[in-house]
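These are the residues of each chain, in order.
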Amino acid sequence: MGCFRFISLLLVLHISAVNSRSHNIHLDGNGYTNLVIAVHPEVPEDQNIIIKLQDMIKSASEYLFNATKKRFYFKEVKILVPLTWTSNNYTKGRTESYEKANVIVAKPYLKHGDDPYTLQYDECGQMGQYIHLTPNFLLDDTMTGVYGPRGKVFVHEWAHLRWGVYDEYNEQKPFYISKDTKAEPTRCSKDISGSTGVLSCKGSSCSVEKCTTDPVTSLPTGNCKFFPDKNQNTAASIMFLQSLSSVTEFCVETTHNTEAPNMQNKMCNYRSVWEVIRNSEDFKGSVPMTEAPPAPLFTLIQQGDRVVCFVLDVSGSMSGNRLKQLRKASEIFLRQIIEESSMVGIVTFSSVGNIVENLSLIEGDDSRIALVKKLPTTASGGTEICRGIDKALEVLRSDDTKTDSDEIILLTDGINNSPVDCLANVKKSGAIVHTVAFGSSADKILYNMSSETGGLFFLALDEVDSTSLIDAFAAITISDGNLSKQSIQLESSGQKMKAKEWLNGTVSIDKTVGNDTFFVVTWETAMPDMYIRSPGGHTYKNVNFTVENAFGTARLTIPGTAQTGDWTYSLYNTLTTVQSLTITVTSRAADASVPPVTVSSHMNQDTSTGNVPMVVYAEVKQGFLPVVGAKVTAVIETETGVKTTLQLLDEGGAPDILRHDGIYSKYFITLNNGRHSLKVNVQGSKGTTRLAVRRQGRAMYIPGYVENGKIELNPEKPPVNEEDLQLNLGSFSRTTSGGGFTVTLDPNAPPLRLPPCRITDLDAEFKGYKVFLSWTAPGEDFDQGTAESYEIRMSTNFQELRNNFSAGIHVNTSGLSPKLAGSKETFIFTPREIPLENGTIIYFAARAYDVQSLSADVSNIAKAIMIMAPPTEIDSINITTVVLAVTGSVAVICIIASTTLCILNRKKSFF
């Protein structure tokens, strides 16, 4: 995936700062600690789930120890049960949550199936996001016959999560033509033996029939499957088929199959899994153990009710517009974002801390309004952040004497006046601190306070037309995984409006949301004229809004469930002067049993020294299913107001690793010193946006095994209903804050020169005697702009092209003009330098150059095979026979024509 040529620098930055849940896991000696497994609140209470999880981890620890040649094991594991389960003397959680867990136990959505999988969308060698296991996988023992022992399955997924390796099978390309022109199953190692067949089922009765061969590709037809022998003579590989009893190892250099068209080869430059693991920081920082490891230590924890305390800066620098913005954003959080049954307290600080409101239960709108009335109205004095933190901890202890897993939302615009450092106390407290840096002068300690406690960090711009403060508060939602309770931000827009000018826009409300829908308008000086038009044509005006002049806000509450479709808004600045207007739209799930479409976003690094570009990621999904075909836009803004807008793509070109997996991405290359904020807008369109199946990073399902020469079938895998996946999501709007990040540039470093991206999806195919090449166009600078030229080379030797690209035969591309980055490129030519015959295999690789002649890394290697269709009956006739037949036919035609002419002449003589 990566474009940058100095990979070592990229790895260092990723290891230290990449946004991944698995970075919370620690390696203590040879044992992994702080591994968190969380159960979703919708999973029915069942103590067997805990028992099965413990059994799985115990088994996995032993298996991992042996598979890594006595290097690693699981030392300490936390299992987080939801609040919906009965209290059973569980330890109260601290900073752990479902949203940050390394392993989640949750039901699939739309019969997605029980395949264990790991969500990963970064470079080879980089940590994944989380492992997803279903309750059925843990409780149904027939699953072990399909996927293998749970402990072995977990090690397969752990390798995805921790070491960033990829699968060695490929469901889309289950077979390939090897260099000796034989059709082979896509596997690692090639020593895995088995048989092929077509699974044919009628009702509950299934049989295996002989495969047929496609004459065009010489590969088995699409419904042909590989059935491995149950008893094997090889121990590799875990990333191909962990279910086999003989498989106990990862593929190493000597057993790795570089020919297989799988994700491991594509993503890891044809390296074996063990080579990737051996290059990890875990491996470099450890030595093999001489004794067997101890059994894992388990801690059962449970999240409590949500308890939140505002810690708001009311120092002198917060007076004026800053205080107004604080009040507006806080009011929206209290009225719309914070969930029912939560507890909320308010603390302010300047030179001293002050408890404004002790913990108050959120139960209905009256309780929310009462809290809003307690928000600060004046600001003066110095800035003593720790005084506010100390008072917040006092408030949080008032309910149960503890602060574990309670939350602090800290907002400040200034630098702490005293040298007092309360970070150690906060870490010790077990509270989670979300920090909002308001403006460019906010204390740099804020990021550390968030990162050390598992909280979120935001940068809010000090501009009255910015919605970044509102966006930050809107993103601080409950982290227990219950999406039906969460407020979802649909729209967030602000602008400085000239006199008598309109602010117009459209918000698409889809069928997955619509409850508790609010349109909130804020203004700088005077309330605008407001018009909200529903899809049915009803227009809401100022009289329909609840106005809070003290806050400069007006709120329109849509009763019941909001109508699906496009809602339009028009705000008219009635003043003869410029003023800033903003509009924010939030809603909640329409049906607790149907997960809403959600978007989450982040940068691949929280901090950067500018040595390499950063990557913006946005995941769009419904439940656990990817949403594809959406328009995703990222807006990155510096603390000084410099904006960069990027269109994120999900088309398989770098930095995107897989087309249509719901992960949209783009490189961020215009790095500036200082803190930045990230905001992502998503627009789904009717007829274009749809659901997809997540196909990568999964433990492979095998339909059966060969035993004693006979294929024994496994239980049939529940099918995914393709009709469900094609259901039209309709149009939808989403917006979210991706938090803040910091760039610190070395002023003495030379300017960063960026080559084009590495091509990661090069594909090659013979059609007749011509080769058709296709790929996603890189840019002049990584994935932006237009590259200057391409260099394409070919060889009949795979290793030669891989190890020495320049030694390959040069393909003339003088007539090929690169397209804009992200476009689909095609190139057709005849490889005249290589003799072509049936079975000829040619390997291709490419790289792009920019205008300064900087070259990208060499692409993945594509393979084209010339397959000549078998001759038909007429093709096999001797050419002499054909000539004689044609000559005879001509002679017969001439005789017939002469006879006919003669008869006609004779007829004429009778008249």
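Parameters and conventions
- Residues numbered from 1 in each chain as written.
- Predicted model: local features only at pLDDT ≥ 70, side-chain atom pairs only at ≥ 80, totals over all residues.
- Heavy atoms only, no water.
- Helix = DSSP H or I, 4+ residues; strand = E, 2+ residues; numbered from the N terminus.
- Rg over C-alpha atoms; globule rule 2.2 N^0.38 Å.
- Buried < 20%, exposed > 50% of the residue type's maximum accessible area, 1.4 Å probe, protein only.
- Contact = heavy atoms within 4.5 Å.
- Areas by Shrake-Rupley, 256 points an atom, 1.4 Å probe, with all protein chains shown as cover.
- Lys, Arg positive; Asp, Glu negative; His and termini not counted.
- Charge placed at Lys NZ, Arg CZ, Asp CG, Glu CD.
- Phe/Tyr/Trp six-rings, centres within 6.5 Å; stacked < 30°, edge-to-face > 60°.
- Lys NZ or Arg CZ within 6 Å of the ring centre and 35° of its normal.
- Core = buried A, V, L, I, M, F, W, Y, C linked by side-chain atoms within 4.5 Å.
- Disulfide = S-S within 2.5 Å.
- Pairing = 2+ DSSP bridges.
- Axes fitted to C-alpha atoms, helices over the stretch in contact; angles between N-to-C directions.
- pLDDT = per-residue confidence, 0-100.
- Salt bridge = Lys/Arg side-chain N within 4 Å of Asp/Glu carboxyl O.
- Expected span 1.5 Å × (residues − 1).
- Polar contact = N/O pair within 3.5 Å; in protein donor to acceptor, adjacent residues only side chain to side chain.
- Parallel < 35°, antiparallel > 145°, perpendicular 65-115°, else oblique.
- Left-handed = near helix turned anticlockwise from the far one by under 90°.
- Nonpolar A, V, L, I, M, F, W, Y, C, P; charged D, E, K, R; others polar.

*Asks:* Got a sec to walk through the overall build of the chain? Specific residues and values, please.
*Replies:* Of the regular secondary structure elements, the chain holds 18 helices and 49 strands. For 911 residues, the compact-globule estimate of 2.2 N^0.38 gives 29 Å, and the chain sits close to it at 32 Å. Dimensions of the chain, computed from C-alpha atoms along their principal axes, come out at roughly 120 × 90 × 65 Å. Classification of the 911 residues of the chain by burial places 56% in the buried group. Taking as baseline every contact in the chain between residues at least 6 positions apart, the subset at least 24 positions apart corresponds to 76%. Of the accessible surface of the chain, which amounts to about 37400 Å², a share of 51% is contributed by carbon and sulfur atoms. Positive and negative side-chain charges of the chain, numbering 84 and 98 respectively, have mean locations separated by a distance of 4 Å.

*Asks:* Please set out the packing of aromatic side chains residue by residue, giving values where relevant.
*Replies:* The tally for this structure, following the rule as stated, stands at 26 aromatic pairs. Between Phe74 and Trp158, the aromatic rings sit 4.9 Å apart at their centres with planes inclined by 90 degrees, giving edge-to-face as the arrangement. One end of the pair, Phe74, is in strand E4 (residues 73-74); the other, Trp158, is in helix H5 (residues 150-163), and 84 residues separate them in sequence. When sorted by exposure, Phe74 lands in the same class as Trp158, which is buried. The interplanar angle of 35 degrees and the centroid separation of 5.7 Å between the aromatic rings of Phe519 and Trp567 together place this pair among those described as tilted. Linking Phe519 in strand E24 (residues 513-523) with Trp567 in strand E29 (residues 565-572), this pair joins segments that are 48 residues apart in sequence. Through successive ring pairs, a cluster of aromatic residues spans Tyr32, Phe72, Phe74, Phe154, Trp158, Trp163 and Phe250. The positively charged end of Arg71 is found above the aromatic ring belonging to Phe283, 3.8 Å away from the centroid.

*Asks:* Tell me about the nonpolar core, residues and numbers included.
*Replies:* In terms of nonpolar packing, the biggest core is built from 93 residues, with Phe74, Phe154, Trp158, Trp163 and Phe250 touching the most fellow members. Per element, the largest residue contribution to this core is 9 residues, and it comes from helix H2 (residues 47-67). Residues contacting Trp158, with those up to four places away along its chain left out, are Ile25, Tyr32, Leu35, Leu64, Phe74, Ile131 and Trp163. Grouped together as the second largest cluster of nonpolar side chains are 35 residues, Val314, Leu375, Phe438 and Phe473 included.

*Asks:* Give a detailed account of the state of the cysteines, specifying residues and quantitative values.
*Replies:* Within this structure, the stated rule accounts for 4 disulfides. The disulfide partner of Cys211 is Cys224, and the S-S distance across this bridge is 1.9 Å. What sets the handedness of the Cys211 and Cys224 disulfide is the S-S torsion sign, and at about 80 degrees it is right-handed. Taken together, the residues Cys211 in the loop between strand E13 (205-209) and strand E14 (224-228) and Cys224 in strand E14 connect sequence positions 13 residues apart.

*Asks:* Summarise the sheet that holds strand E28 (residues 553-561); cite the residues concerned and give the values.
*Replies:* Ordered in space as E22-E30-E24-E28-E27, the 5 strands form an open sheet in which the pairing is antiparallel. Bordering the open sheet on either side are strand E22 (488-497) and strand E27 (546-548), each of which pairs with just one other strand. Strand-to-strand, the axes of this sheet are offset by a mean angle of 15 degrees, without reference to chain direction. Here E24 pairs with E28 via 7 bridges, running antiparallel. Considered in E28, the bridge of Asn515 is made with Thr561. Strands E22, E24 and strand E30 (579-589) of the sheet are contacted by helix H15 (residues 468-475), whose axis makes an angle of about 170 degrees with E22.

*Asks:* Tell me what's going on with the confidence of the model for the chain, and back it up with residues and numbers.
*Replies:* Mean pLDDT over the chain: 89, with 91% of residues reaching 70 or higher. Low pLDDT (under 50) marks residues 1-18, which in the prediction has 57 contacts with non-local residues, meaning those over four places away or in another chain. Across residues 872-911, confidence stays below pLDDT 50; counting only partners more than four residues off in sequence or on other chains, it has 1 contact.

*Asks:* With reference to specific residues and values, describe the pairing of strand E36 (residues 643-648).
*Replies:* Across the two faces of E36 the burial differs, with Thr644, Leu646 and Leu648 buried and Lys643, Thr645 and Gln647 not buried at all. Both strand E35 (residues 631-638) and E36 contribute to a ladder of 6 bridges, which runs antiparallel. If you follow Ala634 over to E36, its bridge partner there is Leu646. Counting the residues between successive antiparallel strands, the hairpin from E35 to E36 contains 4 residues, one of them, Gly641, with a positive phi of roughly 95 degrees.

*Asks:* Give me the lowdown on the pattern of salt bridges, citing residues and values where you can.
*Replies:* Under the defined criterion, the tally for this structure stands at 34 salt bridges. A salt bridge links Asp141 to Arg150; the nearest nitrogen and oxygen atoms lie 2.9 Å apart. Classification of Asp141 as partly exposed rests on a relative accessible area of 43%. Put simply, Glu171 and Arg698 hold a salt bridge, and the shortest N to O gap is 2.7 Å. Of this pair, Glu171 sits in the loop between H5 and strand E10 (175-177) while Arg698 sits in the loop between strand E39 (690-691) and strand E40 (704-707), and the two are 527 residues apart along the sequence.

*Asks:* For helix H10 (residues 321-337), give the residues involved together with the corresponding values.
*Replies:* With 17 residues, H10 should reach 24 Å at 1.5 Å per residue; the first-to-last C-alpha distance of 23 Å fits that figure. Of all 17 residues in H10, 15 are buried, a share of seventy percent or more.

*Asks:* How would you explain the side chain of Ser315 if you had to name every residue and give the values?
*Replies:* Mapped onto the secondary structure, Ser315 falls in the loop between strand E16 (307-313) and H10. Take Ser315: its relative accessible area is 1%, and that puts it in the buried class. A polar contact is formed between the side chain of Ser315 and the side chain of Thr383, at a distance of 3.3 Å.

*Asks:* Describe unusual backbone geometry, with residues and values.
*Replies:* Cis geometry marks the peptide bond from Cys188 to Ser189, where omega comes out at 5 degrees. Residue placement: Ser189 occurs in the loop between strand E11 (183-185) and strand E12 (194-202). Along the chain, Ala236 connects to Ser237 via a cis peptide bond; the corresponding omega equals 20 degrees. Here Ser237 is to be found in the loop between E14 and helix H6 (238-241). The phi dihedral of Tyr270 is positive, around 70 degrees, even though this residue is not glycine. Within the secondary structure, Tyr270 sits in the loop between helix H7 (263-267) and helix H8 (273-278). According to the relative accessible area criterion, Tyr270 is buried, its value standing at 7%. One non-glycine residue with positive phi stands out, namely Ser405, at about 65 degrees. Within the secondary structure, Ser405 sits in the loop between helix H12 (385-400) and strand E19 (407-412).

*Asks:* Summarise the packing of H10 against helix H11 (residues 365-372); cite the residues concerned and give the values.
*Replies:* Packing of H10 against H11 leaves a shortest axis separation of 9 Å and a crossing angle of 165 degrees. Comparing their axes, H11 and H10 come out roughly antiparallel. Considering only the axes of H10 and H11, their crossing is right-handed. On H11, the residues that touch Glu331, Leu334, Arg335 and Gln336 of H10 are Asp365, Arg368, Ile369, Leu371 and Val372. Partitioned by chemical class, the residues of the contact of H10 with H11 number 4 nonpolar, 1 polar and 4 charged.

*Asks:* Break down the environment of Val252 for me, citing the residues and quoting the values.
*Replies:* Along the chain, Val252 falls in the loop between H6 and H7. Between the C-alpha atom of Val252 and that of Ile445, which follows or precedes it by 193 residues, the distance is 45 Å.

*Asks:* I'd like a description of the side chain of Thr412, backed by residues and values.
*Replies:* With respect to the element layout, Thr412 can be found in strand E19. In terms of polar contacts, Thr412 uses its side chain to reach the side chain of Asp313, at 2.7 Å. At 3.2 Å, the side chain of Thr412 forms a polar contact with the backbone nitrogen of Gly414. Filtering out sequence-adjacent residues up to four positions away, Thr412 remains in contact with Asp313, Phe349, Thr383, Ile385, Val436, Ala437, Phe438, Ala442 and Leu446.

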